[in-house]
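Each chain, written out:
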Amino acid sequence: MEMNSVRSAIDKEALTVDLAVIGDTVDTALAIVLLMPDRSQIDATSRALISHLEGLLLEDLGFDDDQTVREMYREAYRYLELGRRPGADTTQFHAYEYMRGLAQLTRRFASVYAESRDADDKSEQ
């Protein structure tokens, strides 16, 4: 299924990409701390990152034109597979590492999104 058909099937009004919120969530996940966060905080941050990443995946980021972006999409879909997500029996450390990997990937997508919006703004001027 092409990204355009998926995108057209979703109400774009209901989906917004807020780079400031995404940045805050990523910063929280990647902050250097002396103690690992509580599991509930790890899980909550992971859920927020999953939501941000899913929203970014719906944007036109050059999937059809850019091999690097295409590989980012593949990696994102692997991260979002339900079987790869930490569950109740997953160790806290594994859940923490998953959250951090998800944050790094979300940051990359947010960066590509911001660059594509900057390019769109410049082309409209």
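In short, a report on the structure.

**Some words on a negative patch on the surface**
Taken together, the side chains of Asp60, Asp64, Asp65 and Asp66 make up a negatively charged region of the molecular surface. Note on placement: Asp64 falls in the loop between α3 (39-57) and α4 (67-80). Residue classification places Asp64 among the exposed residues on the basis of a relative accessible area of 56%.

**Here we look at the pattern of salt bridges**
Scanning the model with the defined rule gives seven salt bridges in all. Among the salt bridges present, the one from Arg85 reaches Glu54, with a minimum N-O distance of 3.8 Å. Taken together, the residues Arg85 in the loop between α4 and α5 (92-124) and Glu54 in helix α3 connect sequence positions 31 residues apart. Glu71 serves as the salt-bridge partner of Arg74, at 3.3 Å between the closest nitrogen and oxygen. With a gap of three residues between them, Arg74 and Glu71 both fall in helix α4, about one helical turn apart. What makes Glu71 partly exposed here is its relative accessible area of 34%.

The rules behind these values
Residues numbered from 1 in each chain as written. Predicted model: local features only at pLDDT ≥ 70, side-chain atom pairs only at ≥ 80, totals over all residues. Heavy atoms only, no water. Patch = residues over 30% accessible without salt bridge, like charges linked within 9 Å, V, L, I, M, F, W, Y side chains within 5 Å. Areas by Shrake-Rupley, 256 points an atom, 1.4 Å probe, with all protein chains shown as cover. Salt bridge = Lys/Arg side-chain N within 4 Å of Asp/Glu carboxyl O. Lys, Arg positive; Asp, Glu negative; His and termini not counted. Charge placed at Lys NZ, Arg CZ, Asp CG, Glu CD. Helix = DSSP H or I, 4+ residues; strand = E, 2+ residues; numbered from the N terminus. Buried < 20%, exposed > 50% of the residue type's maximum accessible area, 1.4 Å probe, protein only.

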